[in-house]
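Listed below are the residues making up each chain.
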Amino acid sequence: MSDANTATTAALEYGLAPDGYRLPAGLRLGRVRLQVADLERSLAWYGEVLGLRVLHRTADGAALGTHGGDAPLVELRERRGASPQPHRGRLGLYHFAILLPDRAALGRFVAHLARTGERAGASDHLVSEALYLNDPDGLGIEVYADRARATWRYDAQRQLAMDTRPLNLESLAQAAGGEPWTGMPAGTVIGHVHLHVGDIDRAAAFYHAALGLDKVVWSYPGALFLSAGGYHHHLGLNTWAGPGATPAGENDARLLDWEIVLPADADAAAQSLQSAGHTATRIEGGWLAVDPWGTAVRIVSAG
């Protein structure tokens, strides 16, 4: 095997599988559930800036999805006066990532942000092109489009090549083809979740060895990226919040839980977690587990 190979044959060519249970290749992510300080303020921002639409709402919550789709991507729950996310972050959410169906859609989103004056970071990660925003509570959001898998590269150690490079915004805007942004299009999904954790080895013991995600990138400074089915990552983990960081609390704006959706029942995943000494609690449609820093993940069946 050469030092750089094209990732044309999916999961077998790169990544490190766990020794025991391995999550199935058909895994996808479901909705993320967030706690926010002011529901009306958040609904306005998620609608006007991100282009999500309200699918249903209650007095203290709402579910948001795409234009043309009925599946919720983001659920908001209000806790009046919740403290915003500090600049360095808390243990828990770093960002959740919304995956657009193609580069043209991301180009339209770039032009939309330019028109509205919304500030955003931008990076080229080799496997994807990404924009980064913060909602009114300081919670991190990535909006991105993947490059074709045939262009992904990996090395002799089976590690996928990812990086953080300047994004060519001019090229991206041209990809829009002059079409206007009309909101999050059908086909948009939650692509990955990225968490602040207290220790990479403990996080790997939970998410890789016990839950069953493959390691895909492990030499990125202070970070680990994991996935199923050869994806570049369904989950990112980092220690960038620093050694003094504490978990988000009940009165903080935060990620309440995120969701892994499996093509079959989730019992084997729960049993793997339990065998490793972690608690997995049965819920409707699957199981709920909590990582060492209090971040909850729902593991449910697509059925």
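Only a predicted model underlies this, so the values are computations on that prediction, with no experimental measurement involved.

## Some details on the layout of surface pockets
Approximately 700 Å³ is the volume found for the largest pocket. In this structure, the largest pocket is lined by 32 residues; those nearest its centre are Tyr-94, His-95, Tyr-132, Asn-134 and Trp-240. Taken together, the elements giving at least two residues each to the lining of the largest pocket come down to β7 (92-99), β8 (121-124), β9 (128-134), β10 (140-146) and β12 (189-196). No other element matches the four residues that β9 contributes to the lining of the largest pocket. By residue class, the composition of the lining of the largest pocket is 13 nonpolar, 16 polar and three charged. In this structure, the second largest pocket encloses a volume near 470 Å³. Lining the second largest pocket are 29 residues, and of these Arg-28, Leu-29, Gly-30, Val-189 and Ile-190 lie nearest its centre.

## Considerations on the side chain of Ser-128
Take Ser-128: it is sitting in strand β9. Classification of Ser-128 by relative accessible area gives buried; the value is 3%. Apart from residues no more than four positions distant in its own chain, Ser-128 is found in contact with Ser-123, Tyr-144, Ala-145, Asp-146, Arg-147 and His-232.

## A few points about the packing of aromatic side chains
For the structure on display, the rule yields nine aromatic pairs. Arranged with centres 5.5 Å apart and planes meeting at 80°, the rings of Tyr-94 and Trp-240 form a pair that is edge-to-face. Highlighted residues: Tyr-94 in strand β7 and Trp-240 in the loop between β15 (235-238) and β16 (254-262), separated in sequence by 146 residues. Overall, Tyr-94 belongs to the partly exposed group, its relative accessible area being 32%. With a relative accessible area of 31%, Trp-240 lands in the partly exposed category. Judged by centre distance (6.5 Å) and plane angle (40°), the rings of Tyr-207 and Trp-258 are tilted.

## Remarks on the pairing of β7
Among the eight residues of β7, seven are classified as buried, and the element is accordingly described as predominantly covered. Pairing geometry for β7 and β12, over seven bridges, is antiparallel. Bridging across to β12, Gly-92 finds its partner in His-196. Inspection of the sheet shows β7 paired to β10 by four bridges, in the parallel sense. Considered in β10, the bridge of Ala-97 is made with Glu-142.

## Some words on the environment of Ala-241
Within the element layout of this structure, Ala-241 appears in the loop between β15 and β16. With relative accessibility at 7%, the residue Ala-241 sits in the buried group. For the pair formed by Ala-241 and Gly-294, sequence separation is 53 residues and the distance between their alpha carbons is 15 Å. Beyond its immediate sequence surroundings of up to four residues, Ala-241 is in contact with Arg-88, Gly-89 and His-196.

Calculation notes
Residues numbered from 1 in each chain as written. Predicted model: local features only at pLDDT ≥ 70, side-chain atom pairs only at ≥ 80, totals over all residues. Heavy atoms only, no water. 1 Å grid on protein atoms, 1.4 Å probe; cavity = no way out; pocket = protein on both sides within 12 Å on 5 of 7 lines; lining within 4 Å. Points joined across faces, edges and corners; volume = space filled by probe spheres on them. Helix = DSSP H or I, 4+ residues; strand = E, 2+ residues; numbered from the N terminus. Nonpolar A, V, L, I, M, F, W, Y, C, P; charged D, E, K, R; others polar. Buried < 20%, exposed > 50% of the residue type's maximum accessible area, 1.4 Å probe, protein only. Contact = heavy atoms within 4.5 Å. Phe/Tyr/Trp six-rings, centres within 6.5 Å; stacked < 30°, edge-to-face > 60°. Pairing = 2+ DSSP bridges.

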